[in-house]
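Single-letter residue listing:
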Amino acid sequence: ATPRVDQRQANQEKRIDQGIASGELNKRETRRLEKQQNVINRAEDKAKADGTVTKTERRSLHKMQNHASKRIHHQKHDAQTAKP
């Protein structure tokens, strides 16, 4: 099981949704961030497929999430905004 990974995914998806609602993320940024979240979800599913998530797989998932988190922050705080 990967409860920390799942919770973190949920938090990141919530941050993306907040960025959409506030206009901090435009459509292109949103599409890219959601695509990245889908890649992480697929990697998690692949890690769980054999019934055990190894330490290496868990580390890889955390690394992917760290990268995604930084990217979400960067995209939400850059000068681009959604057009009204």
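I will try to describe carefully the structure that is included in this document. (Residues numbered from 1 in each chain as written. Predicted model: local features only at pLDDT ≥ 70, side-chain atom pairs only at ≥ 80, totals over all residues. Heavy atoms only, no water.)

### Let's talk about the overall build of the protein
Here's step 1: Check the secondary structure of the protein and you find 3 helices and 0 strands.
Here's step 2: Helices and strands in the protein line up, N terminus first, as α-α-α.
Here's step 3: Considering only C-alpha atoms, the protein reaches an extent of 45 × 15 × 15 Å along its principal axes.
Here's step 4: Evaluated residue by residue, the protein yields a buried proportion of 30% over its 84 residues.
Here's step 5: Only carbon and sulfur atoms are counted for the fraction: they give 51% of the accessible area of the protein, which is about 5,900 Å². (Helix = DSSP H or I, 4+ residues; strand = E, 2+ residues; numbered from the N terminus. Buried < 20%, exposed > 50% of the residue type's maximum accessible area, 1.4 Å probe, protein only. Areas by Shrake-Rupley, 256 points an atom, 1.4 Å probe, with all protein chains shown as cover.)

### A word on helix α3 (residues 55–76)
Here's step 1: Over its 22 residues, α3 extends 31 Å from the first C-alpha to the last, a length consistent with the 32 Å expected when each residue adds 1.5 Å.
Here's step 2: Where α3 is buried, its residues touch α1 (3–22) and α2 (27–48). (Expected span 1.5 Å × (residues − 1). Contact = heavy atoms within 4.5 Å.)

### Some points on the environment of Asn38
Here's step 1: Mapped onto the fold, Asn38 is located in helix α2.
Here's step 2: For the pair Asn38 and Gln9, spaced 29 residues apart in the sequence, the C-alpha separation amounts to 9.9 Å.

### Considering the environment of Ala79
Here's step 1: Note on placement: Ala79 falls in the segment after α3.
Here's step 2: Look at Ala79 and you get exposed, because its relative accessible area is 76%.
Here's step 3: For the pair Ala79 and Glu24, spaced 55 residues apart in sequence, the C-alpha to C-alpha distance is 8.5 Å.

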